[in-house]
Number of protein chains: 2
Amino acid sequence: MAVADTNAEIDFAKYVKEKNAAIEQALSDSVPTIYPERLHESMRYSLLAGGKRIRPCLAIAACEMVGGAQEVVMPTACALEMIHTMSLIHDDLPMMDNDDFRRGVPTNHKVYGEEMAILAGDALLSHAFEYIARETKGVPAEKILRVIADVGKCVGSEGLVGGQVVDIESEGLAMEGKPVSLETLKYIHAHKTGALLETAVVSGAILGGGTEEDIERLGKYAYDIGLAFQVVDDILDCTATSEELGKTAGKDVAVGKATYPSLLGLEESQRIADELIKSAKEQLSVYDQKKAAPLIGLADYIKNRKN
Amino acid sequence: MAVADTNAEIDFAKYVKEKNAAIEQALSDSVPTIYPERLHESMRYSLLAGGKRIRPCLAIAACEMVGGAQEVVMPTACALEMIHTMSLIHDDLPMMDNDDFRRGVPTNHKVYGEEMAILAGDALLSHAFEYIARETKGVPAEKILRVIADVGKCVGSEGLVGGQVVDIESEGLAMEGKPVSLETLKYIHAHKTGALLETAVVSGAILGGGTEEDIERLGKYAYDIGLAFQVVDDILDCTATSEELGKTAGKDVAVGKATYPSLLGLEESQRIADELIKSAKEQLSVYDQKKAAPLIGLADYIKNRKN
């Protein structure tokens, strides 16, 4: 986590630290090492490989902000992390991005083989839905169904997968000299990264007992921070050093990938990121600011992050 | 479909034909060609590639037998076919079984590329759960959640994927000269093929308003026919000609794969298949035999099939 620049960020960092142990425990419990063991080990290897757990944190923070208890949203929080993990495992495959390392350790297929990596991803994806349906307690069944429908949409052809396909197609077009439009770039960002963040927040609001107005406000907040996250990512790729990023800087520019700075320039990109964060925080202005502190802090964290 | 040998089989063949148009229409409606078009085309290419639609038929037949209408189970029937299709697309990939053709047409990755095939499978899998949650009408939400949990389990590490992993591991052990036990073979069959058939029948019974007794009986029926299906498959691989099968006969023997005949002999395998079908039909004996006719007919069809 970057050094906190604001009080809100300090609150967020504290919140994340406070929730972290419960999230890690819940994730570990969600995929026990049962028969067939090697499959479950492969699932656990990637699911428990660390990371910031932004999606579970967002789901819990939204749930608590509207007055719900952490327990009602925890199965969904775990499910979102299972889905995120599935997308990383499949993305890293040789036929996709062909990455050998992730977060400093060998990728799933390097350890367990490509067949197992495909199957572990498929198992995590189906387990996610089973887990929400079976483990969510103390919430009306209709609300759980709504969350399942939302989660399904955010992963599939109109969500994360849709964003990945448009990204792949755009790279192909770019190589033929056909530039990517801002509209397409926005679609890619909003779907590849935004959809899952948005669903995390919205699921938390639904399961926590939020009103339709809460759900709508938090959905807008999440859309804005999701897009801001990617715009800042694009900016950091141009401005940060590899040392700061912990990965190769300037990679987007090197491969001729469309980014916010490449389409609009650095200054305009920074202005857009600031606007998005401001707009996100405005959605939270109607709430008790103490209760909204983790979500406000996350917005600041995204704006100010250095890696 | 094989030539019908019994009246029950004739009833089943009529039933399948009668339901087929509705199932094909529902499947086509379930994945429209929207943006990004090529992804949706890839999903539709495999989903609408024909096949016997055994899983949707089973779900509808079970639903109708306990007194439910076709409409309440149709979204789940489509979802089961999406999941079956996903498993075929991923299985056919070069890193898995490396098949270029399925049902006489090029496999998904041969037409759309490996990246798209992985992603189309992922999208079909997540869409399946979204579709059940969003489109099932006229059934209490608790029952829909139960179906989603069952479907998730039947695909994941304790279902279809679990069966595939044990199958792959067993092949590896067989090549090292370590024979596969009957117990392991039963696990593979029950999970790779049986789980989805069982869930089709059980989902139909739940959504159609069946009692707990109905659900249990139909679950046993489905377990038996699912296992019988595989035992007969193993037998046909030894006894039928390639022409009859429409695929290479003797393939299991050639690759040294464990089968019921290789472990128990042909005669004992046939006896087991007959026992399983008899046991499956016994579960249906308490019902109005006219209403149970499609499910009885399916059992006979599995026993007598020639390909």
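Residues numbered from 1 in each chain as written. Chains lettered and ligands numbered in written order. Predicted model: local features only at pLDDT ≥ 70, side-chain atom pairs only at ≥ 80, totals over all residues.

Within chain A, the secondary structure is distributed over 15 helices and two strands. Its C-alpha radius of gyration of 19 Å places chain A within 12% of the 19 Å reference for a compact globule of 307 residues. Across its three principal axes, chain A shows a C-alpha extent of roughly 55 × 50 × 35 Å. Here the contacts in chain A between residues at least 6 apart in sequence split such that 71% fall between residues at least 24 apart. (Helix = DSSP H or I, 4+ residues; strand = E, 2+ residues; numbered from the N terminus. Rg over C-alpha atoms; globule rule 2.2 N^0.38 Å. Contact = placed C-beta atoms within 7 Å.)

As a further point, take the relation of the copies chain B and chain A. Overlay of chain B on chain A (RMSD 0.0 Å): rotation 180 degrees, translation along the axis 0.0 Å. This pairing of chains is accounted for by a two-fold axis. Taking C-alpha positions as the reference, the residue of chain B nearest the rotation axis is alanine 141 of chain B, at 2.7 Å. The residues that chain B uses at the interface reappear at the interface of chain A in 100% of cases, marking a shared surface. (Least-squares fit on C-alpha atoms with pLDDT ≥ 70 in both.)

Contact residues are listed per partner, giving 40 residues for chain B and 40 residues for chain A. Of all the secondary structure elements, the ones that give two or more residues to the side of chain B that touches chain A are helix H2 (37–47), helix H6 (114–135), helix H7 (141–155) and helix H8 (160–175) of chain B. Broken down by element, the residue count for the side of chain B that touches chain A peaks at 14 residues, all from H6 of chain B. Among the residues making up the side of chain B that touches chain A, the classes are represented as 22 nonpolar, nine polar and nine charged. (Nonpolar A, V, L, I, M, F, W, Y, C, P; charged D, E, K, R; others polar.)

Right, let's get into the packing of helix H14 (residues 266–283) of chain A against helix H15 (residues 289–304) of chain A. Residues and elements named next belong to chain A. Running from N to C, H14 and H15 point in directions that differ by 175 degrees, and their axes come no closer than 10 Å. Judged by the angle between their axes, H14 and H15 are roughly antiparallel. Touching Ala273, Asp274, Ile277, Ala280 and Lys281 of H14 are Ile296, Ala299, Ile302 and Lys303, all from H15. Residues of the contact of H14 with H15, tallied by class, amount to six nonpolar, no polar and three charged. (Axes fitted to C-alpha atoms, helices over the stretch in contact; angles between N-to-C directions. Parallel < 35°, antiparallel > 145°, perpendicular 65-115°, else oblique.)

The next thing to look at is unusual backbone geometry. Glycine aside, residues mostly have negative phi, and peptide bonds are mostly found in the trans state. The omega angle of the peptide bond from tyrosine 35 of chain A to proline 36 of chain A is -5 degrees, so this bond is cis rather than trans. Considering the arrangement of structural elements, one finds proline 36 of chain A in the loop between helix H1 (7–30) and helix H2 (37–47). Within the chain, arginine 103 of chain A stands out as a residue other than glycine whose phi angle is a positive 50 degrees. Here arginine 103 of chain A shows up in the loop between strand S1 (101–102) and strand S2 (105–106). At asparagine 98 of chain B, a residue that is not glycine, the phi angle is positive and equals roughly 55 degrees. Within the secondary structure, asparagine 98 of chain B is located in the loop between helix H4 (70–92) and strand S1 (101–102).

Below, the discussion takes up the environment of leucine 236 of chain A. Residues and elements named next belong to chain A. Structurally, the position occupied by leucine 236 is in helix H10 (residues 212–239). The class for leucine 236 is partly exposed, based on 18 C-beta atoms found within 10 Å. In sequence terms leucine 236 and alanine 79 are 157 residues apart; their C-alpha atoms lie 29 Å from each other. (Buried ≥ 20, exposed ≤ 12 C-beta atoms within 10 Å, placed from the backbone.)

Another point: the environment of tyrosine 260 of chain A. Residues and elements named next belong to chain A. Among the structural elements, tyrosine 260 can be located in helix H13 (residues 260–264). Separated by 13 residues in the primary sequence, tyrosine 260 and alanine 273 have C-alpha atoms spaced 9.9 Å apart. Contact partners of tyrosine 260, with chain neighbours within four places excluded, come to Val231, Asp234, Ile235, Ser269 and Ile272.

Moving on to the packing of helix H3 (residues 54–65) of chain A against H15 of chain A. All names here are of chain A. Packing of H3 against H15 brings their axes to within 8 Å, and their N-to-C directions diverge by 150 degrees. The orientation of H3 with respect to H15, classified from their angle, is roughly antiparallel. Read as a crossing pair, H3 and H15 show a hand that is left-handed. In this structure, H3 contributes Leu58, Ala61, Ala62 and Met65 to the contact, and H15 contributes Lys291, Ala292, Pro294, Leu295 and Leu298. For the contact of H3 with H15, the residue count by class is eight nonpolar, no polar and one charged. (Left-handed = near helix turned anticlockwise from the far one by under 90°.)

Its location among the elements puts glutamine 289 of chain A in helix H15. Between the alpha carbons of glutamine 289 of chain A and valine 202 of chain A there is a distance of 19 Å; along the sequence they are 87 residues apart.

This brings us to the confidence of the model for chain A. Low pLDDT means the predicted coordinates in that region are not meant to be read closely. Per-residue pLDDT for chain A has a mean of 92; in total, 93% of the residues score no lower than 70. Model confidence for the complex: the whole-complex pTM is 0.94, and ipTM, which rates the interface, is 0.94. (pLDDT = per-residue confidence, 0-100.)

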